[in-house]
Amino acid sequence: MGRTAFQRDRDRIVHCTAFRRLEYKTQVFINHEGDLYRTRLTHSIEVAQIARTVARALGLDEDLTEAVSLAHDLGHTPFGHAGQDALDAAMASWGGFEHNLQSLRVVDELEQRYAAFDGLNLSFETREGILKRCRPELAQALGEVAGRFLRGGSPCLEAQIANLADEIAYSNHDVDDGLRAGLIDQEALQTVDLFARHSGAVRERYPALAERRRVHETIRRMISELIEDLTAETLRRVSAAGVRDVAEVRASPPLAAFSAPIRRDLTQLKRFLAERLYQHPRVEAVMGAARTVVSELFASYREEPQALPTEHRERFGRLGERAIADYIAGMTDRFAIRAHHELTGRRVPEFDAG
Ligand code: MG
């Protein structure tokens, strides 16, 4: 029995180089800060697991959902959003840098493994799902895969589900990692309704439970509620819209959604994380250092393209600064730190612990 196109897409993603590099790329905590924190690899696996659960319950294509989920962060720079922001600023005069677009570049061009073509030659649906966002001025050049950013409309339901599963995954695992790191605490989390509701229920049912298990049980229940709500609300909207096929899904506004009360809960949780965790002085200090590393790497390679490895130097000749952005975006955290040290002779104190 052969594989379906979407199984093949999923398999090619799992075998590609960019996928393995996710293990050494920051989600929130730099890879060397501890062995238990999420990396972009474990994050992507959690997204796929959540998305597949919803896809199966809704009778969608699980393989397509999994392929989009596993590929969604392939274009992420080292050091999470700080790396992306620094690279976007460095590339301001050459079209900027956006990690969703970069994920598509990875699967369309940058992976070089197959004899007959560049990239992974993925199906339209997977590519459409990977391109989660795209500025209209860039959409034109991308053709049909970015068509909805010009005309409006939505990607297939599998892609919509993968996108919301991403939100469920990070907002829950960041609570777990933030608590583990001691950057947020359970008392402050009581102001977040979703957390307070489930931690209260867990306390009542298991009053003697040890702290780590209580946190885990609480987060497990939060994820379950979000998954069940997403499944029920999406089913409701799909029925109400009366869509019969994927063309009608694409012509509609997004149909995958949380109910209004759960959307409010999730927004409240995300705001808490933005204020208390992502902007925590300890996270900010490391992210500031990360921005320095990425922008100095970019400036060094621009000044001295001979420092680029042969293949990338050759691409620089053809593509200019975009080739530097592609090279830096592909780096893992520790590779970027090492390359920065080699090029500038400077060490960044925030990364010396590693
Ligand atoms: Mg993600």
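Above this text sits the structure in question.
Residues numbered from 1 in each chain as written. Predicted model: local features only at pLDDT ≥ 70, side-chain atom pairs only at ≥ 80, totals over all residues. Heavy atoms only, no water.

> Just give me the short version of the coordination of the magnesium ion, but keep the residues and values in it.
A four-donor tetrahedral metal ideally has 109.5 degree angles, and a six-donor octahedral metal ideally has angles of 90 or 180 degrees. Coordination of the magnesium ion by the protein is provided by His-43 (NE2), His-72 (NE2), Asp-73 (OD) and Asp-166 (OD), with metal-donor distances spanning 2.1 to 2.7 Å. Sequence positions of the residues that donate to the magnesium ion give the spacing H-x28-H-D-x92-D. Of this pair, Asp-73 sits in the loop between α4 (62–71) and α5 (80–90) while Asp-166 sits in helix α10 (residues 157–181), placing them 93 residues apart in sequence. The class of Asp-73 is buried, set by a relative accessible area of 4%. Exposure remark for Asp-166: the relative accessible area of 8% places this residue in the buried category. (Donors = N, O, S within 2.8 Å, 3.2 Å for Na, K, Ca; no water. Helix = DSSP H or I, 4+ residues; strand = E, 2+ residues; numbered from the N terminus. Buried < 20%, exposed > 50% of the residue type's maximum accessible area, 1.4 Å probe, protein only.)

> Go over the pattern of salt bridges, please, and point to the residues and values.
Counting across every chain of the model gives 38 salt bridges. Across the pair Glu-128 and Arg-250 runs a salt bridge whose closest N-O atoms are separated by 2.7 Å. One end of the pair, Glu-128, is in helix α7 (residues 124–130); the other, Arg-250, is in helix α14 (residues 246–251), and 122 residues separate them in sequence. Classification of Arg-250 as partly exposed rests on a relative accessible area of 24%. Residues joined by salt bridges that share partners form a network here, namely Arg-3, Arg-10, Asp-11, Arg-52, Arg-56, Glu-62, Asp-63 and Glu-66. (Salt bridge = Lys/Arg side-chain N within 4 Å of Asp/Glu carboxyl O.)

> Outline unusual backbone geometry, listing residues and values.
Phi is positive for Phe-79, close to 65°, though the residue is something other than glycine. Residue placement: Phe-79 occurs in the loop between α4 and α5. Positive phi, close to 50°, is recorded for Asn-121, a residue that is not glycine. Relative accessible area serves as the criterion here: at 42%, Asn-121 is assigned to the partly exposed category.

> Summarise the side chain of Thr-126; cite the residues concerned and give the values.
Along the chain, Thr-126 turns up in helix α7. Discounting residues that sit within four places of it in the chain, Thr-126 has contacts with Phe-6, Asp-9, Ile-13, Leu-64, Ala-67 and Val-68. (Contact = heavy atoms within 4.5 Å.)

> With reference to specific residues and values, describe the packing of α10 against helix α13 (residues 211–241).
Geometry of a packed helix pair, given as the angle between the helix axes and the separation of the axes. Running from N to C, α10 and α13 point in directions that differ by 165°, and their axes come no closer than 11 Å. Of the possible angle classes, the one that applies to α10 and α13 is roughly antiparallel. The way α10 lies across α13 gives a crossing that is right-handed. Note on element contacts: α13 touches α10 through Arg-212, Val-215, Ile-219, Met-222, Ile-223, Leu-226, Ile-227, Leu-230, Thr-234 and Val-238, opposite Leu-157, Ile-161, Leu-164, Ile-168, Asn-172, Val-175, Asp-176, Leu-179 and Arg-180. Among the residues making up the contact of α10 with α13, the classes are represented as 14 nonpolar, two polar and three charged. (Axes fitted to C-alpha atoms, helices over the stretch in contact; angles between N-to-C directions. Parallel < 35°, antiparallel > 145°, perpendicular 65-115°, else oblique. Left-handed = near helix turned anticlockwise from the far one by under 90°. Nonpolar A, V, L, I, M, F, W, Y, C, P; charged D, E, K, R; others polar.)

> Before we move on, could you go through the nonpolar core and cite the residues and values that matter?
Judged by nonpolar contacts, the single largest core of 74 residues is most densely connected at Tyr-301, Ile-328 and Phe-351. The element that contributes the greatest number of residues to this core is helix α16 (residues 281–303), accounting for 10 residues. Residues Phe-19, Ile-130, Leu-131 and Ala-146 belong to the second largest nonpolar core, which totals 23 residues. (Core = buried A, V, L, I, M, F, W, Y, C linked by side-chain atoms within 4.5 Å.)

> Now, about the packing of aromatic side chains: what can you tell me, with residues and values included?
Enumeration according to the criterion identifies five aromatic pairs in this entry. Ring geometry for Tyr-114 versus Phe-117: centroids 5.2 Å apart, planes at 25°, classification stacked. On the numbers, 5.5 Å between centres and 70° between planes, the contact of Tyr-301 with Tyr-327 is edge-to-face. Of this pair, Tyr-301 sits in helix α16 while Tyr-327 sits in helix α18 (residues 321–330); the two residues are 26 residues apart in sequence, bridging distant segments of the chain. The class for Tyr-301 is buried, based on a relative accessible area of 3%. On the basis of relative accessible area, Tyr-327 is assigned to the buried category, the value being 12%. Aromatic rings pair up to connect Tyr-301, Tyr-327 and Phe-335 into one cluster. The ring centre of Tyr-24 lies 4.0 Å from the NZ or CZ of Arg-334, which sits over that ring. (Phe/Tyr/Trp six-rings, centres within 6.5 Å; stacked < 30°, edge-to-face > 60°. Lys NZ or Arg CZ within 6 Å of the ring centre and 35° of its normal.)

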